[in-house]
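Listed below, chain by chain, are the residues.
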Amino acid sequence: MKWWQNAVVYQVYPRSFQDSNGDGIGDIPGITSRLDYLEELGIDAIWLSPVYASPNDDNGYDISDYQAIHPEFGTMEDMDELIAEGEKRGIRIVMDLVVNHTSDEHNWFVEARKSKDNAYRDYYIWRDPVDGQAPNDLTSAFNGSAWTFDEDSGQYYLHLFSRKQPDLNWENERMRQDVYKMMNFWLDKGVGGFRLDVIDLIGKLPDEKLTANGPKLHDYLKEMHEHTLKGRDVMTVGETWSATPDSAKLYSDPARNELSMVFQFEHMMLDEQPGKTKWDLKELDLVEWKQALSKWQVAFKEDGWNSLFWNNHDTPRVVSRWGNDDTYRIESAKCFAILLHLMKGTPYIYQGEEIGMTNRIITSIDEVDDIESRNMYHERLEQGYSKEEILHAINVKGRDNARTPVQWDSSEHAGFTTGKPWLAVQPNYTSINVEQALSDKESVFHTYKQLIQLRKDHPAIVWGDYILLLPDNPNVFAYERQYQGEKWVVLASISDEKQKVSLDDMPTEYEVMVTNYNRSAVDWNSVDLNPYEAFAVRAGEIN
Ligand code: NOJ
């Protein structure tokens, strides 16, 4: 077994986690100061969103020096201390590796831009104009063309994200070797691995308008493994919006020597209108959603591994998105926790999720920091959408929803900073905060803590086969896990209303392992479920 197979990973978005010096921006000493809290929760690793030098066009996902810490976040000594203090508590630090692109202020791009024959020119993707225009109509994820014209050299460069995030040219071997050197710098420091940002894009063929899953993608990953990861006990998780169960095996089959696992997003896109953008909303169909998640649960035997998550720094918060963050905030937050943490794979918790933090509501674009939302707002206004429609989409799907500061206590600015927070703290911090959650045995936090411990204590959660129950029920998500004569049954009602279900072939003797309504018994012929009720039972024998 690998350490990351029964691990739980906690994502820290450093800007919003904990400020230590009063500048309103979270920083590395702030994270170190909260390690005891994370140890109490029981997590094994932190996925640390970027802390490198960056002009912050995309909050650190535009890196200008991979081997320097952004002064806003601290120093390299602070980083070394975080790694060392984490190690003392059994918490590994997994770095964010953003190598599809750099910042336009990275030295490689500064050089590349100087002239067509500069030694770094080919580290990026340049094309001549076609009929005085961009080479083709590829678009950037942050709106507009993916090509920006460089006046000085008369060529366009490619950026699948903002114009300040030029794409690296993975065809260039010297560039690849420089990336591997940089990765080894971090691995030699003792980090626990990498989360690889939009890694399915690195093999792109821009002339053919092919961005994800280019023909050489897996060759590059194998080469990366050979030069960096091989022989090291680290985890890697690739961000792959395009992944299918088949392609996920290519990345994560241990025999192929590429990555440990990938983040797949199939279940994250089912509340959008197919073929449109994330802003074009549609009601979630629970049956479809259960099928998507279940497909991934049964996809792998020995030939791959799943990651499990409901939210991250790019998505809304789960309790607001699919739960009820008003009447049933606590129940629904625990319900989604139970549902996810008893599945097969490595669970990821996004900061604040463990206390049931909610989306925030904005009424004006001036409250928005995120480049993606801001660009979309202006583009859609021009296209004739109403302000109300656009702000509604941002309230539902905008990335700032997850980026408001962590709510630590009920003091001013939620204990996040003594200064002015870079993004406003949510007004509900007075009641939803870590201090409250720690002191209340019935809090969302304690359910998370319990679930993490259950995974450590019960190999059935890590290894058991998964079977979807009640596949056609539009309100209740139910599944079984089976492992060496042991059977777990998990039921979760994703509904504001009471539900009733019946299940066949259920164990008569069982133990209730986790519940969000103090349930102690189940009548399988007629299970009455409260709104967002979730529980799991464990039976010794498979009937
Ligand atoms: C995915 C990251 O999670 C997101 O925050 C970022 O904007 C893009 N990749 C570009 O790096």
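Residues numbered from 1 in each chain as written. Predicted model: local features only at pLDDT ≥ 70, side-chain atom pairs only at ≥ 80, totals over all residues. Heavy atoms only, no water.

The name given to the chain in an unreviewed UniProt entry is Glucan 1,6-alpha-glucosidase, and the organism recorded there is Alkalibacterium pelagium. Among the UniProt annotations of the chain, the heading Sequence similarities (unreviewed entry) holds the following wording: "Belongs to the glycosyl hydrolase 13 family." (UniProt positions renumbered as here; feature names shortened; annotations may be inferred.)

Peer 1: Can you help me understand the overall build of the chain in this one?
Peer 2: When helices and strands are counted, the chain shows 15 helices and 20 strands. Computed over the C-alpha atoms, the radius of gyration of the chain is 23 Å, within 12% of the 24 Å expected from 2.2 N^0.38 for a compact globule of 543 residues. The dimensions of the chain, computed from C-alpha atoms along their principal axes, are 75 × 50 × 50 Å. Evaluated residue by residue, the chain yields a buried proportion of 62% over its 543 residues. Partitioning the intrachain contacts of the chain with sequence separation of at least 6 by distance along the chain shows that 69% fall at a separation of at least 24. Here the chain has roughly 20800 Å² of accessible surface; of this, 46% comes from carbon and sulfur atoms. (Helix = DSSP H or I, 4+ residues; strand = E, 2+ residues; numbered from the N terminus. Rg over C-alpha atoms; globule rule 2.2 N^0.38 Å. Buried < 20%, exposed > 50% of the residue type's maximum accessible area, 1.4 Å probe, protein only. Contact = heavy atoms within 4.5 Å. Areas by Shrake-Rupley, 256 points an atom, 1.4 Å probe, with all protein chains shown as cover.)

Peer 1: Help me understand the pairing of strand β7 (residues 147–150), please; the structure alone is not making it clear to me.
Peer 2: In the case of a regular strand, side chains alternate between the two sheet surfaces. Relative to strand β8 (residues 155–158), β7 runs antiparallel, the two being bridged by four bridges. Of the residues in β8, the one forming a bridge with Thr148 is Tyr157. Once β7 ends, the chain turns through four residues before running back antiparallel as β8, passing Gly154 with a positive phi of about 70°. (Pairing = 2+ DSSP bridges.)

Peer 1: Where do I start with the site of the ligand in this structure?
Peer 2: Lining the immediate environment of the ligand, one finds 13 residues, of which Asp58, His101, Asp197, His313 and Asp314 sit closest. Take Arg399: an N or O atom from its side chain is 3.0 Å from an oxygen atom of the ligand. Contact with the protein chains covers 97% of the free accessible surface of the ligand, which is 300 Å². For the shell around the ligand, the class distribution of residues is four nonpolar, two polar and seven charged. (Near = heavy atom within 4 Å. Polar contact = N/O pair within 3.5 Å; in protein donor to acceptor, adjacent residues only side chain to side chain. Nonpolar A, V, L, I, M, F, W, Y, C, P; charged D, E, K, R; others polar.)

Peer 1: Help me out: how do you make sense of the pairing of strand β9 (residues 193–196) in this one?
Peer 2: Residues Gly193 and Arg195 point to one face of β9 and Phe194 and Leu196 to the other, with burial holding for every one of them. Across four bridges, strand β5 (residues 92–97) lies against β9 in parallel orientation. By the bridge assignment, Met95 is partnered in β9 with Phe194. Two elements, β9 and strand β10 (residues 235–239), share four bridges in a ladder whose sense is parallel. Following the sheet pairing, Gly193 is matched in β10 by Met235. For the crossover from β9 across helix α6 (residues 217–229) to β10, the handedness is right-handed. (Right-handed = clockwise from strand over helix to strand, strands pointing away.)

Peer 1: Please explain the sheet that holds strand β2 (residues 45–48) as it appears in this structure.
Peer 2: Strands sit in the order β11-β10-β9-β5-β2-β1-β13-β12 across an open sheet of eight strands; the sheet is parallel. Each end of this open sheet is capped by a strand with a single partner; those strands are β11 (261–263) and β12 (307–308). Judged from the two bridges that link them, β12 and strand β13 (residues 346–350) form a sheet pairing that is parallel. From the neighbouring strand, Ser307 faces β13, where its bridge partner is Thr346. Those strands touched by helix α3 (residues 76–88) are β2 and β5, and its axis lies near 135° from that of β5. (Axes fitted to C-alpha atoms, helices over the stretch in contact; angles between N-to-C directions.)

Peer 1: Which parts of the structure should I look at to understand the packing of aromatic side chains?
Peer 2: Think of a pair of aromatic rings as described by two things: how far the centres are apart, and how the planes are tilted against each other in angle. Applying the stated criterion to the full structure yields 37 aromatic pairs. When the centroid spacing of 5.3 Å and the interplanar angle of 75° are considered together, the rings of Trp108 and Tyr123 count as edge-to-face. Highlighted residues: Trp108 in helix α4 (residues 107–112) and Tyr123 in the loop between α4 and β6 (126–127), separated in sequence by 15 residues. Aromatic side chains Trp289 and Trp310 sit 5.3 Å apart centroid to centroid with 25° between the ring planes, which places their arrangement in the stacked category. Here Trp310 lies in the loop between β12 and α9 (318–321) and Trp289 lies in helix α8 (residues 286–297), a separation of 21 residues in the sequence. Trp310 carries the same exposure label as Trp289, and that label is buried. Of the aromatic side chains, those joined through ring pairs into one cluster are Tyr52, Tyr66, Trp108, Tyr120, Tyr123, Phe185 and Trp186. Here Arg34 stacks its cationic end above the ring of Trp408, 3.8 Å away from the centre of that ring. The ring of Trp3 is capped by Arg92, whose NZ or CZ atom sits 3.9 Å from the centre of that ring. (Phe/Tyr/Trp six-rings, centres within 6.5 Å; stacked < 30°, edge-to-face > 60°. Lys NZ or Arg CZ within 6 Å of the ring centre and 35° of its normal.)

Peer 1: In this structure, what is going on with α6? I would like to understand it.
Peer 2: Each α-helix turn comprises 3.6 residues. Residues three or four places apart therefore point the same way. Under the 1.5 Å per step criterion, the end-to-end length of α6 is 17 Å for 13 residues, consistent within 8% with the ideal 18 Å. Of the positions making up α6, those classed as buried are Leu217, His218, Tyr220, Leu221, Glu223, Met224, His225, Thr228 and Leu229. Contacts made by the buried residues of α6 are with β5, α5 (173–188), β9, β10 and α7 (245–252). Once α6 ends, the next one or two residues include Gly231, with phi positive near 80°. (Expected span 1.5 Å × (residues − 1).)

Peer 1: Is there a simple way to think about the domain arrangement of the chain in this case?
Peer 2: When the parts of a complex come together, some accessible area is lost, and that lost area is often used as the size of the interface. Under the domain assignment used here, the chain contains domain 1 (7–102 + 194–200 + 236–448), domain 2 (107–158) and domain 3 (465–540). Summarising the inter-unit geometry, the C-alpha centres of domain 1 and domain 3 are found 28 Å apart. Taken together, the contact pairs 24 residues of domain 1 with 29 residues of domain 3. Interface of domain 1 and domain 3: buried area, both sides summed, is about 2200 Å²; carbon and sulfur atoms make up 69% of it. When residues of domain 1 are sorted by the area they lose upon contact with domain 3, Lys290, Ile338 and Leu342 head the list and together hold 27% of the total. Between domain 1 and domain 3 we count zero salt bridges in total. The tally of links from domain 1 across to domain 3 stands at 11 residue pairs in polar contact (both at pLDDT 80 or more). Breaking the side of domain 1 that touches domain 3 down by element, the ones donating at least two residues are α8 and α10 (329–341). A breakdown of the residues in the side of domain 1 that touches domain 3 according to their chemical character gives 13 nonpolar, six polar and five charged. (Domains from an automatic or database assignment. Buried area = accessible area lost by both parts, 1.4 Å probe. Salt bridge = Lys/Arg side-chain N within 4 Å of Asp/Glu carboxyl O.)

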